[in-house]
Amino acid sequence: MKETKTMQVSVNQEDYMIDAYQSFGFELLSTQEVKTKDSHLERHGDTIYNVTETEHYIKLTFTRDDNMPFYSELTKQQNEFENAQHAIMKKPKLNLLLAILGLLLYVAPGVLYIVWYIVKSKKVKTNNEECFNRMETAISQGKEIIRKIESKNS
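Report follows, based on the coordinates.

Here is what the cut-offs are and how they apply
Residues numbered from 1 in each chain as written. Predicted model: local features only at pLDDT ≥ 70, side-chain atom pairs only at ≥ 80, totals over all residues. Heavy atoms only, no water. Helix = DSSP H or I, 4+ residues; strand = E, 2+ residues; numbered from the N terminus. Rg over C-alpha atoms; globule rule 2.2 N^0.38 Å. Axes fitted to C-alpha atoms, helices over the stretch in contact; angles between N-to-C directions. Parallel < 35°, antiparallel > 145°, perpendicular 65-115°, else oblique. Left-handed = near helix turned anticlockwise from the far one by under 90°. Contact = heavy atoms within 4.5 Å. Nonpolar A, V, L, I, M, F, W, Y, C, P; charged D, E, K, R; others polar. Pairing = 2+ DSSP bridges. Expected span 1.5 Å × (residues − 1). Buried < 20%, exposed > 50% of the residue type's maximum accessible area, 1.4 Å probe, protein only.

Okay, the overall build of the protein next. Secondary structure assignment for the protein yields 4 helices and 3 strands. In the protein, the succession of α and β elements from N to C terminus is β-α-β-β-α-α-α. Over its C-alpha trace the protein gives a radius of gyration of 23 Å, far above what one expects of a compact globule, namely 15 Å for 154 residues. For the protein, the spread of C-alpha atoms along the principal axes amounts to about 75 × 45 × 20 Å.

Moving on, we get to the packing of helix H2 (residues 71-86) against helix H4 (residues 107-153). Close contact between H2 and H4 brings their axes to 8 Å; oriented N to C, the two are set at 165 degrees. Taken together, the axes of H2 and H4 are roughly antiparallel relative to one another. Note that H2 runs across H4; the crossing there is left-handed. Counted together, Glu-73, Leu-74, Gln-77, Glu-80, Phe-81, Asn-83, Ala-84 and Gln-85 of H2 and Cys-131, Arg-134, Met-135, Thr-137, Ala-138, Ile-139, Gln-141, Gly-142, Ile-145, Ile-146 and Ile-149 of H4 form the full contact between these two elements. Residues belonging to the contact of H2 with H4 are distributed by class as follows: 10 nonpolar, 6 polar and 3 charged.

Relative to strand S3 (residues 47-65), strand S1 (residues 2-9) runs antiparallel, the two being bridged by 8 bridges. Looking at the pairing, Val-9 lines up with Ile-58 of S3. Sheet analysis places strand S2 (residues 27-44) next to S3, joined by 17 bridges and oriented antiparallel. Each bridged residue has a counterpart across the sheet, and for Lys-35 the counterpart in S3 is His-56. Here S2 folds back onto S3, and the loop between the two strands holds 2 residues, one of which, Gly-45, carries a positive phi near 70 degrees.

Below, the discussion takes up the side chain of Thr-61. Structurally, Thr-61 is set in strand S3. Not counting residues up to four positions away in its chain, the partners in contact with Thr-61 are Lys-5, Thr-6, Glu-27, Leu-28, Leu-29 and Ser-30.

Moving on, we come to H2. With 16 residues, H2 should cover 22 Å at 1.5 Å per step; its first-to-last C-alpha distance of 22 Å lies within 8% of that length. Taken as a whole, H2 has its buried residues at Leu-74, Thr-75, Gln-77, Gln-78, Phe-81, Glu-82 and Ala-84. Each element contacted by the buried residues of H2 is listed here: S1, helix H1 (14-22), S3 and H4.

Encoded structure:
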């Protein structure tokens, strides 16, 4: 039986995600570029603004035979990849106004805020490096399993 997986990815992630999911035994079924543009009016007080919102992403659809050799091992690597991907954190934004006010009005809160920002940024960077390493390891192990399948079929 065939299973399918569909996802939306940013334009710059398309090749990476195709390569990653092929490492887990998926075949690319289709790729579709989606660009949408929506314009509408919004009122803020007495002023009316024309607001334009755009979306631009790639829709990827994959298929995989769930009776293929080493299916459970490939699924395990796929799950590890996806878990690591979901654990990636966004870098905190430095509120410069808050930092300056803290420094001007009360030195200690400003310093504490800046120290918090630096520590948090380092934790996010360390976490994300670990996540990317886990993702790359899962892809590498998936590719090894695919090579076993291909050599077995030769």
